[in-house]
Amino acid sequence: MSEHRSSIALVDVNNFYVSSERAFDPSLEGRPLVVLSNNDGCVITRSPEAKALGISMGTPWFRIAGQARDWGLEVRSSNYELYGDLSARVMELLGRYTGNLEIYSIDEAFLTLSGPLDAQHRTGTEIRAVVRRHVGLPVCVGIAPTKTLAKLANRWAKGNPGFDGVCHWDLVPEEHRRSLLQRLAVSDIWGVGARNAQRLNAIGIDSAWDLAAADPVGIRKRFSVVLMRTVLELQGTSCITGHESTGNEQVLYSRSFATPVTTRDAMHQALSTYAQGAASRLARKSLQGRVITAFAATSPFSTGPRSAPTVCVPLPAHTANPLELTRAADRLLPLVEEGVPYIRAGVVVTDLRPAGAQALLPVDGSAPKDTGLLLHDVGRRFGRSAIGLGHAGLKAGSDWTMKRDMLSPHYTTKWSELPVVKAR
């Protein structure tokens, strides 16, 4: 009889942006494909075929655009509306398999599974098949006693065809687990980071196996309680909570403009849009913030007038209310100079805490407390430009919005762009 134990599963969409594009355009299967960053600036996602061409992450598009045709390289602008909608569909499916779903990122989620270990493995296999069938995206599943080990199991499932996309850590022979930990550099462990890895290397801890064998108390004294928890997790003790695993110290919403912004009216619209985008991210992560910083900047290479205004606004209470965040961001406007070509703006929300950690106090003139959730839900379902408060809801005058010249259709969020299937 298989052992009964509660486990954590990490479900991760393989090459999410590329897979999302291929889900609605099967002609892209097997062909080199890259997805570009904001304003079609640089490569942020590569298909395996594109990696084989030697294209690196962060490669500026202009450097490889001339060779794309010879390579047979396909390129797409980031279709955030499509990716957000497909992510929501994946998460909705995952929620059917657990009462404890923690969305870690747009393409990753942790699930708590219970029951016999072999039944947990079968659930992982079923999740993989259901997501593929209903959303069209390939996922891998790593199952383990802790989040850190689930990350390693997922990595193993993705890199080893023998697992067929699903790896249960406790069902893998001990000698194989040891081999994986011994071969994995400590810098590749979730949450360690490059700086800690260098310090660990200096004291003879080079691999995941070395770190798993370390004394947790000694690691806490020499490093931090966070790294101590990583050691405990590698040893099989679950101690990273949902809020700790998000690693949220701030929420940043910033963009470069496709066309420089030279008026306060245009900057007003941009700041309103970005503040409400930050509110949506807070709502998605179930967080609230107490301080908002708004900023704008001209090009550092500009030979003309330069300006880099910034304003930091403490809020009366922790909030994710988009109206309050928008009003705070608007405090930057008097510092914006008319006629000066700003190429970037953004907002940063800091002093974060989980939503619901304190009682909500009414703020005169504020929107209802669920406004942020409403904007987030509508934006997630119908695209970011579908709804907005005040200037952020205006369509006109948005020449500053980011350039996406190679954008695929909004297959799932715009009626006019829904895919059509013709039956013969």
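The text that follows walks through the structure, step by step, so that each part is easy to find. (Residues numbered from 1 in each chain as written. Predicted model: local features only at pLDDT ≥ 70, side-chain atom pairs only at ≥ 80, totals over all residues. Heavy atoms only, no water.)

Quick look at the overall build of the protein
Note the following rule: A run of DSSP states H or I qualifies as a helix once it reaches four residues; a run of E qualifies as a strand once it reaches two. Both are numbered from the N-terminal end. Each residue gets one of three labels from its accessible area relative to the maximum for its type: buried under 20%, exposed over 50%, partly exposed in between, using a 1.4 Å probe on protein chains only. The contact criterion used is simple: two residues touch if any of their non-hydrogen atoms lie within 4.5 Å.
Helix and strand counts for the protein come out as 16 helices and 13 strands. Looking at the 424 residues of the protein, the share that counts as buried comes to 47%. In the protein, the proportion of contacts linking residues at least 24 apart, taken out of those at least 6 apart, comes to 68%.

Quick notes on unusual backbone geometry
Within the chain, Asp 164 stands out as a residue other than glycine whose phi angle is a positive 55°. Considering the arrangement of structural elements, one finds Asp 164 in the loop between helix 7 (147-159) and strand 8 (166-168). At Asp 351, a position not held by glycine, the phi torsion is positive, near 55°. With respect to the helices and strands, the residue Asp 351 is situated in the loop between strand 12 (342-350) and strand 13 (353-354).

Some words on the packing of helix 1 (residues 16-24) against helix 5 (residues 80-94)
The line we're drawing: Axes, fitted as lines to C-alpha atoms, cover a helix only where it is in contact. Angles between the N-to-C directions of the axes lie from 0 to 180 degrees. We call two directions roughly parallel when the angle between them is under 35 degrees, roughly antiparallel when it is over 145, roughly perpendicular when it lies between 65 and 115, and oblique otherwise. Any residue outside Ala, Val, Leu, Ile, Met, Phe, Trp, Tyr, Cys, Pro, Asp, Glu, Lys and Arg is labelled polar, Gly included; the first ten of those are nonpolar and the last four are charged.
Viewed as axis vectors pointing N to C, helix 1 and helix 5 meet at an angle of 90°, and their least axial separation amounts to 10 Å. In terms of orientation, helix 1 and helix 5 fall into the roughly perpendicular class. Of helix 5, the residues touching helix 1 (which contributes Phe 16, Tyr 17, Ser 20, Glu 21 and Phe 24) are Tyr 80, Leu 82, Tyr 83, Leu 86 and Ser 87. Residues that form the contact of helix 1 with helix 5 fall into these classes: 7 nonpolar, 2 polar and 1 charged.

A short note on the pattern of salt bridges
Applicable threshold: Only one rule defines a salt bridge in this text: a Lys or Arg side-chain nitrogen within 4 Å of an Asp or Glu carboxyl oxygen.
Under the criterion given, the structure shown has 12 salt bridges. Between Lys 158 and Asp 12 there is a salt bridge whose closest N-O contact spans 2.5 Å. Of the two residues, Lys 158 is situated in helix 7 and Asp 12 in strand 1 (residues 7-13); the sequence distance between them amounts to 146 residues. Taking the relative accessible area as the measure of exposure, Asp 12 reaches 9% and is therefore buried. The salt bridge involving Arg 31 is made with Glu 74; its shortest N-O contact spans 2.5 Å.

As for the nonpolar core
Within soluble globular proteins, side chains that are nonpolar tend to cluster in buried spots. In plain terms, the rule: We define a nonpolar core as any set of buried Ala, Val, Leu, Ile, Met, Phe, Trp, Tyr and Cys residues linked to one another through side-chain atoms lying within 4.5 Å.
Formed by 34 residues in total, the largest nonpolar core has its most connected members in Trp 169, Val 186, Ile 189, Val 192, Leu 200, Leu 211 and Ile 219. It is helix 7 that provides the largest number of residues to this core, a total of 6 residues. Not counting the four nearest positions on each side in its chain, Val 186 is found in contact with Val 192, Ala 197, Leu 200, Asn 201, Ile 205, Asp 206, Ser 207, Ala 208 and Leu 211. With 33 residues, the next largest nonpolar core counts Ala 266, Ala 278, Ala 329 and Val 349 among its residues.

Focus on the pairing of strand 10 (residues 287-298)
The condition is simple: When DSSP locates at least two bridges between a pair of strands, those strands are taken to pair.
One ladder, built from 2 bridges, connects strand 10 with strand 13; its direction is antiparallel. Its bridge partner being in strand 13, Leu 287 is matched across the sheet by Pro 354. Where strand 10 and strand 12 come together, 8 bridges link them in antiparallel fashion. Paired with Ala 294 across the strands is Val 347, a residue of strand 12.

Quick notes on helix 15 (residues 322-329)
An α-helix turns once every 3.6 residues. As a result, residues three or four positions apart point the same way. Within helix 15, 6 of the 8 residues are buried, which leaves the element mostly enclosed by the surrounding structure. For helix 15, every residue scored as buried is listed here: Pro 322, Glu 324, Leu 325, Thr 326, Ala 328 and Ala 329.

Things to note about the sheet that holds strand 4 (residues 74-76)
Taken in spatial order, the 3 strands of this open sheet run 3-2-4, and their pairing is mixed. Edge strands, defined here as strands with exactly one partner in the open sheet, are strand 3 (43-46) and strand 4. On average, each strand axis in the sheet is inclined to that of its neighbour by 30°, with strand direction left out of account. As judged from the 3 bridges shared by strand 2 (residues 33-36) and strand 3, these two strands associate in the antiparallel manner. Following the sheet pairing, Val 35 is matched in strand 3 by Thr 45. Against the sheet, helix 1 touches strand 2, strand 3 and strand 4, its axis set at about 110° to strand 2.

Describing the sheet that holds strand 7 (residues 139-144)
With respect to topology, 5 strands assemble into an open sheet ordered 5-6-1-7-8, the strand pairing being mixed. A strand with exactly one partner marks an edge of an open sheet, and here the two such strands are strand 5 (101-105) and strand 8. Strand after strand, the sheet turns through a mean of 15° between neighbouring axes, direction not considered. With 3 bridges joining them, strand 7 and strand 8 adopt parallel strand pairing. Looking at the pairing, Ile 143 lines up with His 168 of strand 8. Sitting on the sheet, helix 6 (residues 117-134) is in contact with strand 1, strand 6 (108-113), strand 7 and strand 8, with an inclination near 160° to strand 8.

Observations concerning helix 6
Selection criterion: Given a helix with a known number of residues, its expected span is that number minus one, times 1.5 Å. Of all possible arcs, the one meant is that of the directions from the helix axis to the C-beta atoms.
Given a rise of 1.5 Å per residue, 18 residues ought to cover 26 Å, and the 26 Å separating the end C-alpha atoms of helix 6 matches this to within 8%. Among the residues making up helix 6, those that are buried are Leu 117, Gln 120, Gly 124, Ile 127, Val 130 and Val 131. All buried residues of helix 6 fall inside an arc of 135° around its axis, so they share one side. Those residues of helix 6 that are exposed and angled more than 90 degrees off the buried face are Arg 122 and Arg 133. Turning to helix 6, the residues buried within the fold contact strand 1, helix 5, strand 6, strand 7 and strand 8. One or two steps after helix 6, the chain reaches Gly 136, where phi turns positive at roughly 85°.

A closer look at the environment of Val 13
In this structure, Val 13 sits in strand 1. Apart from residues lying up to four places away in sequence, Val 13 is in contact with Asp 107, Leu 137, Pro 138 and Val 139.

Some details on the packing of aromatic side chains
Keep this limit in mind: Each pair of aromatic rings taken from Phe, Tyr and Trp, with Trp reduced to its six-membered ring, is defined by centres within 6.5 Å and is described as stacked if the planes are under 30 degrees apart, edge-to-face if over 60, and tilted in the remaining cases. Note on geometry: a ring has a charge over it if NZ (lysine) or CZ (arginine) is within 6 Å of the ring centre and within 35 degrees of the ring normal.
Across all of its chains, the model carries 10 aromatic pairs by this definition. Each member of the aromatic cluster is reached from another via a ring pair, and the members are Phe 16, Tyr 17 and Tyr 83. Taking the ring centre of Phe 110 as reference, the NZ or CZ of Lys 147 above it sits at 5.1 Å.

Distances and angles like these do not, on their own, reveal function.
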